[in-house]
Structure formats: C-alpha cells, structure tokens
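Letter by letter, the chains look like this.
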Amino acid sequence: MFITARKLPEELLHYYALQRRSALGAKNHDKLRRLERGVEGERVYDMILNEAGHENLYIFRDLYLLIEGSVTQYDTLIVSESGIIVNEIKNFTGDYQVEASMWTRSGGATLPDDPMSQLRRAVGKLMNLQRGAGFKFEVSGKLIFPNESFRLFTKDDQVWNQVVLRADFKRYFNGFYNEYSGEGASKLADIIERHIVPNPYFKHRVDFESVRHGLYCGGCGSFQLEKQQFHLLCMTCGSRESNETHLVRAMSDFKYLFGDLAMTSRRLMEFTGNAVNVRTLQRVLNKYCYVKGVYKTSNYIFKYFDFDEAMRKEQQTRKYKDYLS
Ligand SMILES: [Zn+2]
C-alpha cells in the first residue's frame, strides 16, 4: 500500500509558475523538460506496480530522509518483513554503455555521477538507520529504467544484478508476491516516517517584480480575463473559473516563485493585479492559509502542497464550479 503520495517536484512547480509569468529561456526550459521526463518515468513505474498489486507492502514515494546529519532523496522505498528495498527510477532514453563504473550515453557524454554509486550511497544511508533502530534488517536496491527506448550495454554482471529494465517490470514486481508486512515491517515503516523531512534543496527564487502579475486562465494560460460576479471568463478560450480557483492558483504560484517572501494580503492583492475585491481575497486567504503575525502585517502560509492538492482536498467546500474549455 502507498504510504506517501507521489508529488510533483518543487523545482518543476517553480518552472511551471515561472513559465506562465515570464519567458523561461532555453536553459530553464531544458530543466523543465528533464524534470517532466522524471515524472513520466515515475508514473510508468507506479502504474505497473499498481497492476501487480502491493497491498502486502509499505511503499514510500518521493521522500527526503534526514539520517545522521545529511538528507537523502528517495524515489521509492519498498518495505516488507524482509527489509527495505530502494528503487531509484531513472527515465533514461537511448543507448548507454557501462565500463569500469563509467556510464556513457552513446554518442554523448559520460554521466558525472554514475547511477550505481548513487544507489550504493542511498542504500548505505538506510543501513545507518539500524544503529538507532536496535534491530537488524536488510537493505538492498535496484536501478529502475521505465523507458522502453533505454538500452544498456555492459559486460559487468554487477550492473546487471542491480538494474530492472522496462520489459522486466512485471516479473520484478511479481517477485514481491510472497512478501508480507508484519510487525517487523511496521516497525521499519515507523522508523522511516520518523526521519522524513521537507526537501531542503529547493532554493529557487525570483524577484517579486520580475514576473508578470495578474491572473491567468487554467485552460490556456491567457491573462485576458473578464470579470463576472463569481467567476472570471477567459476571452481567449472561453473557460470560466471561480474567483476562488484563481486565487488558489495565485497562492500556489506565490509559494513556488518567491521562496520565503512574506505573502501578506496586500502583496497577494498586487500579485493578482487587483482582479478580485479585497473581501473575497481575505476570505480565500483565511480558508487556504495558516496565519502568522497580526492583522495587516499578517503573513499567510499556504496550507497545501500545491494548487492541485488544494483543489482536490477542498472540492466539497467550494461553492462555485469551474468550466474549462
Ligand atoms: Zn483560456
């Protein structure tokens, strides 16, 4: 069973917000595409794992663990009575050669950090958890390649023992069929949960003034919106979204664009281009944010991971529907 949800990388949410509100530039666009490829790979992995079934396992996805003073990111951890298995998902495309620990893309460059060493470090970190746990458990890992176009060429059996290619996913996941999660697995899951921390590496920020202010259509991205009583109508594609939806999108953008810049009601008003009246803005802020500080200088902290999560969780409490074309 899935213990943690797979969320979009914060970096990707930053670039999505930035893309809407400024020209991204070739370099940032490449980064965005690379992040999207990673997400696509994880989706393929989750889909096939779902088909195979995982009710007998604890599955942690997309998490950062603080172990002995340093933080490591994990794509997926599979926990059962036998221990922990790290699955590092690499959505590589094309042909790769591995020779003497060097991973080289055919006709391209050698990877600066070879995936096998990455995996070894990730596994090693989890082994250190044993010290605090007071009992022994197994930790192992696999490199998972979900892209069908990926081909691996190597004579190194050690590498072959650690990789799972797309064609072998089903067989690999079916191998967990006889695993079970009893008391040991439950204890292990508790230990992992205790070490989860927020992503400390997300540091992307832009200046408040450097991006376009205003609200944009969730359907087509256009800023050409016409005010209606409870909605904003897109003049480009005809989508109609509630004021609330628009403000939630703006709050999520704010979170991913400006780092620790305080979101005051005044600043959010400016950011949204004064598109809605102050009472509506205040009501939505109170609903979707935690408040820090006192009236007028209050800093609002968005309660949700991102726009999508807020929309999903508040589905029942929203009065006005959205009509996307
Ligand atoms: Zn539109």
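Residues numbered from 1 in each chain as written. Predicted model: local features only at pLDDT ≥ 70, side-chain atom pairs only at ≥ 80, totals over all residues. Heavy atoms only, no water.

**Digging into the domain arrangement of the protein**
For the protein, the assigned domains read domain 1 (10-197) and domain 2 (208-317). The distance between the C-alpha centroids of domain 1 and domain 2 comes to 34 Å. Taken together, the eight residues of domain 1 in the interface contact 15 residues of domain 2. Of the roughly 1,000 Å² buried at the junction of domain 1 and domain 2 (both faces included), carbon and sulfur atoms supply 61%. Sorting the residues of domain 1 by area buried against domain 2 places Leu-13, Arg-20 and Arg-21 first, and these three jointly supply 67% of that buried surface. Connecting domain 1 to domain 2 are one salt bridge. In this structure, Asp-253 and Arg-21 form a salt bridge, with 3.0 Å as the shortest nitrogen-oxygen distance. (Domains from an automatic or database assignment. Contact = heavy atoms within 4.5 Å. Buried area = accessible area lost by both parts, 1.4 Å probe. Salt bridge = Lys/Arg side-chain N within 4 Å of Asp/Glu carboxyl O.)

**Here's the deal with the sheet that holds strand β11 (residues 231-234)**
The strand order across the open sheet built from three strands is β10-β11-β12, with neighbouring strands paired in antiparallel fashion. The open sheet has two edge strands, β10 (225-227) and β12 (240-242), and neither has a second partner. Within this sheet the neighbouring strands show an average axis-to-axis angle of 30°, counted without direction. Two elements, β10 and β11, share three bridges in a ladder whose sense is antiparallel. Following the sheet pairing, Lys-227 is matched in β11 by Leu-232. The sheet contacts of helix α8 (residues 243-257) involve β10, β11 and β12, and relative to β12 the element is tilted by about 75°. (Pairing = 2+ DSSP bridges. Helix = DSSP H or I, 4+ residues; strand = E, 2+ residues; numbered from the N terminus. Axes fitted to C-alpha atoms, helices over the stretch in contact; angles between N-to-C directions.)

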